[in-house]
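Residue-level structure breakdown
Given next are the chains, with one letter for each unit.
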There are 2 protein chains.
Amino acid sequence: MTLDAVLNRIDEDLPQSLDRLMSLLRIPSISTDPAYKADCDKAADWLVEDLKSIGFEASKRPTPGHPMVVAHGGEGDGAPLLFYGHYDVQPVDPLDLWKTPPFEPELQQTPNGQVIRGRGASDDKGQLMTFVEACRAWKAVHGSLPCKLTLFFEGEEESGSPSLIPFMQENAEELKSRIALICDTSMVAPGVPSIASQLRGMLKDEFTIVGPKIDLHSGHYGGPGLNPLKEIARIIASFHDENGRVAVEGFYEGVHEISDELRRQWENCGFDEKAYLEGAGYTQSSGEAGYSTLEQQWARPTLEVNGLWGGYMGAGTKTVIPSEAHCKITCRLVGDMDPTRLREKIRAHVEARLSPDAKVIWDQDLDGSPASVMDITRPEFEKARAALSDEWQREAVFCGMGGSIPIAGFFKEILGMESMLIGFANEDDAIHSPNEKYDVQSFHKGIRSWARVLAALNG
Amino acid sequence: MTLDAVLNRIDEDLPQSLDRLMSLLRIPSISTDPAYKADCDKAADWLVEDLKSIGFEASKRPTPGHPMVVAHGGEGDGAPLLFYGHYDVQPVDPLDLWKTPPFEPELQQTPNGQVIRGRGASDDKGQLMTFVEACRAWKAVHGSLPCKLTLFFEGEEESGSPSLIPFMQENAEELKSRIALICDTSMVAPGVPSIASQLRGMLKDEFTIVGPKIDLHSGHYGGPGLNPLKEIARIIASFHDENGRVAVEGFYEGVHEISDELRRQWENCGFDEKAYLEGAGYTQSSGEAGYSTLEQQWARPTLEVNGLWGGYMGAGTKTVIPSEAHCKITCRLVGDMDPTRLREKIRAHVEARLSPDAKVIWDQDLDGSPASVMDITRPEFEKARAALSDEWQREAVFCGMGGSIPIAGFFKEILGMESMLIGFANEDDAIHSPNEKYDVQSFHKGIRSWARVLAALNG
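Residue indices begin from 1 for each chain and proceed along its sequence in written order. Think of it this way: whatever chain is written first is A, whatever ligand is written first is 1, and the rest follow in order. Local features in this predicted model are restricted to residues whose pLDDT is 70 or higher, and side-chain atom pairs enter the listing and the counts only when it is 80 or higher, whereas totals over whole chains, interfaces and linings include all residues. By convention in this description, side-chain values take in all heavy atoms of the structure and omit both hydrogens and water.

**Structural notes on the overall build of chain A**
Put simply, the rule reads: Put simply, DSSP marks the helices as runs of H or I at least four residues long and the strands as runs of E at least two long, and each gets a number from the N terminus on. Note that the radius of gyration is over C-alpha atoms, with the globule rule given as 2.2 Å times the number of residues to the power 0.38. For the exposure calls, accessible area comes from a 1.4 Å probe over protein chains only, and a residue counts as buried if that area is under 20% of its type's maximum, exposed if over 50%, partly exposed in between. Contacts are assigned to residue pairs that have any heavy atoms within 4.5 Å of one another. Surface accessibility follows the Shrake-Rupley procedure with a 1.4 Å probe radius. Residue values consider only the protein chains on display as shielding. The charge count treats Lys and Arg as positive and Asp and Glu as negative. His and the chain ends do not count. Taken as the charge centre is NZ of Lys, CZ of Arg, CG of Asp or CD of Glu, depending on the residue.
Counting its secondary structure elements, chain A contains 13 helices and 19 strands. By the compact-globule yardstick of 23 Å for 459 residues, chain A fits well, its C-alpha radius of gyration being 25 Å. Taking the principal axes of the C-alpha coordinates as reference, chain A spans close to 85 × 50 × 50 Å. Burial analysis of chain A (459 residues in total) assigns 61% to the buried set. Within chain A, counting contacts between residues at least 6 apart in sequence, those at least 24 apart form 79% of the total. Counting only carbon and sulfur atoms, one obtains 49% of the accessible surface of chain A, whose full area is about 17800 Å². Across chain A, 45 positive and 70 negative side-chain charges occur, with their mean positions spaced 1 Å apart.

Pasting the structure below:
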């Protein structure tokens, strides 16, 4: 009954909610460009004022970069829930590809429904405001918030979050909570509510194959002289077998097959494999045989080459046997794969395959992070999934994420806190690109979703 | 008797011969740098005057670039002998690595004997003057030249010879001769007189592997999406088998094994394989099994990768699956290998190995040239070899050349004329590098060698 009242209030208040989002979108808080420093500050101020109007104790907190916004509110037993979002946005170039000015947001009618057009509409101002609006409606109906809440917004997510870890370390006691709710992700398919429950880790490495001590003339040394370009090609070709599996010994240690229940959810989540591949210009999956594209993206590790270079790259021809060839790789990690041990295995694989007269030099300054696999047996996850399924009238899925979302790892490491990533963006939102948009449906049902999740987590 | 008189004259005149070379070396005739245009002209004038002083009818001949020098002299039956050289030199940078100024040549004593130090001392002013000085001595002793001679010097060899082919075409009748003598090569080993009788041809090609239609995020498409960098590595790795042989079908068509006599000459020519490889930082040959380094360099074809690039090459990491990867290759051709058919075979090899969703784009503007194999059964070759063996008291060898020497091909194509390449440079002359030198022994015995060759060819 009371949840219904909150949902009704959300429906009635939608025009005002959109107006508020519009005013936040008008602030060009581009964090990476120093020219917009004052605007980042202004966006933080806007949030502080808005949160105060709902009854939060909110403050702007200085950092060496852009400020954090931290707000506390609500009452009740136990630790608070934490909600995380970011108020900074990506740069807008190329500006000439925008059909309407990026910081003059507007509602537009499209063949797929009404959208909010403007930089940050989806990433992440529209998404973070879904939670703020849910709190506002709850407060309006009940006169109080559903439980103790901590809201935590940063202004440097799009510029590498340099202040985030030190701030979390310095304010750990203040930020520690039951669980972190994060609204910065997409739905698996339009209309399919999604909780990201496994995030892949990453390992970066870079190596140089060194052959002759100087660049040589290929008319003289071509043939008898080891060519680092041929050597590096042979080594890269050895990374995978003919079935697309990584051929590095022990690579799959710590990888677990997904449960039948998760596979069932994924098979029925509405992900259109054909359209996904065709969108990139592919007619088929070229990856690991026996796994669907979605399984490969969410639950299987990869070893990819991201950069490869050596020799002469200009116009025309230079008859050179170069002294060096270079390769950058990244691996995506799943399950319990250990980045440190994996790095050793990859390096051993390369070293075991070196020809006489070839040396390998490894780049020294590269990091790795393990995968984050959420404990979905915790009751919050199933409660949230049920709440989302109710709102969207479609079974919510525990999905994976192909990319990395460092914040969830930081919450775990620094604050010892699990994260639940629930987002309402769609793949076609054009985040980081011209003409970014957020569906009004995402915004509206997003607010309603958070109201239901808050009710479920405090039921 | 008369040859002995000429040789004596050469010995007596050596100080003056060196003085003349020094004055030519003082002219900074760097052809590639427009700042030295007047100096190129001055070097041509110097040669015209010097040749006139020997009795040649010599003239400076304009071209759109630097002038040619053409001189005719001598009398007798039959077609003349042609001698080719170039009076232009390489740039001198890095200037700070020169121990003495590049255009202030001097005689220096070194542990390996006396040298002439300066830009162009070896390449090619010192070498071309060996022939001019032989003519001078002959004329001084006999009052006439040994036969009809045409001397042909260009001033653009170090800057791509843009005027050479048109000039040869326009003046074909004037230049056509019995045979072309060229002095622009090295000896196989110090003190081993060498006639280059087989020059490898060259085929250039470049290809791009195209995968997805745009650069993709490797967190999303890594795995299922075809990666052009992995694709190009696999294709390059397929170019050779485990024995270092090129694995392109039909690649060795037109390749002939060398004769036992040539192999014997090469095995005994004083080439130090170990020192040659160690000089480049190698401990062993990595090439085609069953062939010596010298055979590989002179008589075996190669397929080498000279450039390879794609994806992110900057500092740090970019998690990208690039849309394209690029590769530049060159082949060295021997025997009767046909560049046009070989190009088709290589392209077919690549195309047959493409994965689904990979395309290949071939660069369109690349040329190829077949190998030049001299007809060493012509009597001039054996006569010259005997003359050189007499002078150096060491069996002269018919050697190959790993690199390409386009002039020999042009003489054949445009003037229908065989070339005999006899040079006295040494591998340590540092041509194209700081501190270029030419051994006084090379200069002195080079002059004597030409006197003997001229006598032998006119005996």
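**Regarding the domain arrangement of chain A**
Filter applied, for reference: Domain borders in the structure are assigned automatically or taken from a domain database.
Under the domain assignment used here, chain A contains domain 1 (2-198 + 372-457) and domain 2 (201-255 + 301-369). Here domain 1 of chain A and domain 2 of chain A have C-alpha centroids that lie 40 Å from each other.

**Some remarks on the interface of chain B and chain A**
Interface size is often expressed as the accessible area that is lost when the parts come together. Rules: By definition, the buried area sums, over both parts, the 1.4 Å-probe accessible area that each loses when the two are put together. We define a salt bridge as a side-chain nitrogen of Lys or Arg found within 4 Å of a carboxyl oxygen belonging to Asp or Glu. We call two N or O atoms a polar contact when they sit within 3.5 Å, provided that within protein one can donate a hydrogen and the other can accept it, with sequence-adjacent residues counted only if both atoms are side-chain atoms.
Between chain B and chain A, the residue contacts involve 68 residues of the former and 69 residues of the latter. For the pair chain B and chain A, the summed buried surface comes to about 5400 Å²; carbon and sulfur atoms form 54% of the total. There are 2 salt bridges connecting chain B and chain A. With a closest N to O distance of 3.1 Å, Glu304 of chain A and Lys230 of chain B form a salt bridge. Between chain B and chain A we count 39 residue pairs in polar contact (both at pLDDT 80 or more) in total. At the level of elements, strand S9 (201-210), strand S10 (216-217), helix H6 (228-237), helix H8 (273-279), helix H9 (293-299), strand S11 (302-311), strand S12 (320-321) and strand S13 (324-333) of chain B are the ones that each hand at least two residues to the side of chain B that touches chain A. When residues of the side of chain B that touches chain A are assigned to their parent elements, the largest contribution, 10 residues, is made by S11 of chain B.

**Looking at the relation of the copies chain B and chain A**
We apply this condition: Our superposition of the copies is a least-squares fit, built on the C-alpha atoms of residues whose pLDDT is at least 70 in both.
Note on the copies: chain B fits chain A at an RMSD of 0.1 Å, the axial shift is 0.1 Å, and the rotation between them is 180°. Such a turn and shift between the copies fits a two-fold axis. A share of 100% of the interface residues of chain B reappears at the interface of chain A, consistent with the copies meeting face to face through the same patch.

**Quick look at the environment of Gly416 of chain A**
All names here are of chain A. Within the secondary structure layout, Gly416 lies in the loop between helix H12 (406-415) and strand S18 (419-422). Taking relative accessible area as the criterion, Gly416 reaches 66% and is therefore assigned exposed. As for Gly416 and Ala172, which are separated by 244 residues in sequence, their C-alpha atoms are 9.8 Å apart.

**With respect to the sheet that holds strand S5 (residues 113-117) of chain A**
All names here are of chain A. Put simply, the rule is: Strands are treated as partners if at least two bridges between them are detected by DSSP. For helices, the fitted axis covers only the stretch in contact; all axes are lines through C-alpha atoms, and the angles between them, taken along N-to-C directions, range from 0 to 180 degrees.
The sheet built from 3 strands is open, its strands ordered S4-S5-S19 with antiparallel pairing. Two strands bound the open sheet, and with one partner strand each, they are strand S4 (106-110) and strand S19 (437-439). Neighbour-to-neighbour, the strand axes of this sheet turn through a mean angle of 35°, independent of strand direction. As paired strands, S5 and S19 are joined by 3 bridges and run antiparallel to one another. By the bridge assignment for S19, Arg117 is matched with Lys437. Helix H1 (residues 2-25) rests against S4 and S5 of the sheet, and its axis sits at about 35° to S5.

**Details of the packing of aromatic side chains**
Residue and element names in this part refer to chain A. Cut-off, in case you're wondering: We call Phe, Tyr and Trp rings a pair once their centres come within 6.5 Å, taking the six-membered ring for Trp, and we label the pair stacked below 30 degrees between planes, edge-to-face above 60, and tilted otherwise.
Counted by the stated rule, this structure contains 32 aromatic pairs over all chains. Considering the side-chain rings of Tyr84 and Phe411, the 6.0 Å spacing of their centres and the 80° angle between planes classify their relative orientation as edge-to-face. Placement of the pair is Tyr84 in strand S3 (residues 81-86) and Phe411 in helix H12, with a sequence separation of 327 residues. Summarising the burial analysis for this pair, Tyr84 and Phe411 share the class buried.

**Some remarks on the pattern of salt bridges**
Residue and element names in this part refer to chain B. In the structure shown here, the tally under the stated rule is 71 salt bridges over all chains. Its salt-bridge partner being Lys60, residue Asp41 comes within 2.8 Å of it at the nearest N-O pair. With Asp41 in helix H2 (residues 37-54) and Lys60 in strand S1 (residues 57-61), the pair connects residues that are 19 residues apart, well separated along the chain. Its relative accessible area of 32% is what places Lys60 among the partly exposed residues. For Arg263, the salt bridge is made with Glu295, and the minimal N-O distance between the two is 3.1 Å. Linking Arg263 in helix H7 (residues 260-267) with Glu295 in helix H9, this pair joins segments that are 32 residues apart in sequence. By relative accessible area, Arg263 is classed as partly exposed at 22%. Classification of Glu295 by relative accessible area gives buried; the value is 10%. A single salt-bridge network, built from bridges that share partners, covers Arg245, Glu257, Asp260, Arg263, Glu288, Glu295 and Arg300.

**Comments concerning unusual backbone geometry**
Residue and element names in this part refer to chain A. The peptide bond linking Asp123 to Asp124 adopts the cis configuration, its omega dihedral lying at 5°. Here Asp124 shows up in the loop between S5 and helix H3 (125-142). One non-glycine residue with positive phi stands out, namely Asn435, at about 65°. Position of Asn435 relative to the elements: it lies in the loop between S18 and S19.

**Points about the nonpolar core**
The criterion, for reference: By nonpolar core we mean a set of buried residues, namely Ala, Val, Leu, Ile, Met, Phe, Trp, Tyr and Cys, connected to one another through side-chain atoms within 4.5 Å.
Membership of the largest hydrophobic core comes to 103 residues, with the highest contact counts inside it found for Ile116, Leu149, Leu151, Phe152, Phe153, Phe411 and Trp450 of chain A. Apart from the residues within four sequence positions on either side, Phe153 of chain A is in contact with Leu47, Leu51, Met68, Val69, Phe83, Gly85, Tyr87, Leu128 and Val132 of chain A.

**With respect to the side chain of Thr63 of chain B**
All names here are of chain B. Residue placement: Thr63 occurs in the loop between S1 and strand S2 (68-73). Of the polar contacts made by the side chain of Thr63, one reaches the backbone nitrogen of Gly65; its length is 2.9 Å. For Thr63, the side chain forms a polar contact with the main-chain oxygen of His66, separated by 2.8 Å. Those residues in contact with Thr63 that sit more than four places away from it in its chain are Met68, Glu156, Ser163 and Phe167.

**Some remarks on the sheet that holds strand S4 (residues 106-110) of chain B**
All names here are of chain B. A sheet is described by the order of its strands in space; here 3 strands give the open sequence S4-S5-S19, paired in antiparallel fashion. Strand pairing shows two members of the sheet lacking a second neighbour, S4 and strand S19 (437-439), which therefore form its edges. Averaged over all pairs of adjacent strands, the angle between their axes in this sheet comes to 35°, without regard to strand direction. Helix-sheet contacts for helix H1 (residues 2-25) involve S4 and strand S5 (113-117), and the interaxial angle to S5 is about 35°.

**A look at the packing of H1 of chain A against H3 of chain A**
All names here are of chain A. Quick reminder of the rule: For this classification, under 35 degrees means roughly parallel, over 145 means roughly antiparallel, 65 to 115 means roughly perpendicular, and everything else is oblique. Left-handed describes a crossing in which the near helix is turned anticlockwise from the far one by less than a right angle; the clockwise case is right-handed.
At a minimum axis distance of 8 Å, the contact between H1 and H3 shows a crossing angle of 135°. Classed by the angle they form, the pair H1 and H3 counts as oblique. Relative to H3, H1 is oriented so that their crossing is right-handed. On H3, the residues touching Thr2, Ala5, Val6, Arg9, Ile10, Asp13, Ser17, Arg20, Leu21, Leu24 and Leu25 of H1 are Lys125, Gly126, Met129, Glu133, Arg136, Ala137, Trp138, Ala140, Val141 and His142.

**Things to note about the packing of H3 of chain A against helix H13 (residues 440-457) of chain A**
Residues and elements named next belong to chain A. Stated formally: Following the grouping adopted for this structure description, the nonpolar residues are Ala, Val, Leu, Ile, Met, Phe, Trp, Tyr, Cys and Pro, the charged ones are Asp, Glu, Lys and Arg, and the polar ones are all others, Gly among them.
Two numbers describe how H3 lies on H13: the axes approach to 8 Å, and their chain directions differ by 55°. As summarised for this structure, H3 and H13 are arranged oblique, according to the angle between their axes. Our pair here, H3 against H13, has a crossing hand that is right-handed. Taking contact as the criterion, the partners of Gly126, Met129, Thr130, Phe131, Glu133, Ala134 and Trp138 in H3 are, on H13, Ser442, Phe443, Gly446, Ile447, Trp450, Ala451, Leu454 and Ala455. In the contact of H3 with H13, the residues fall into 10 nonpolar, 4 polar and 1 charged.

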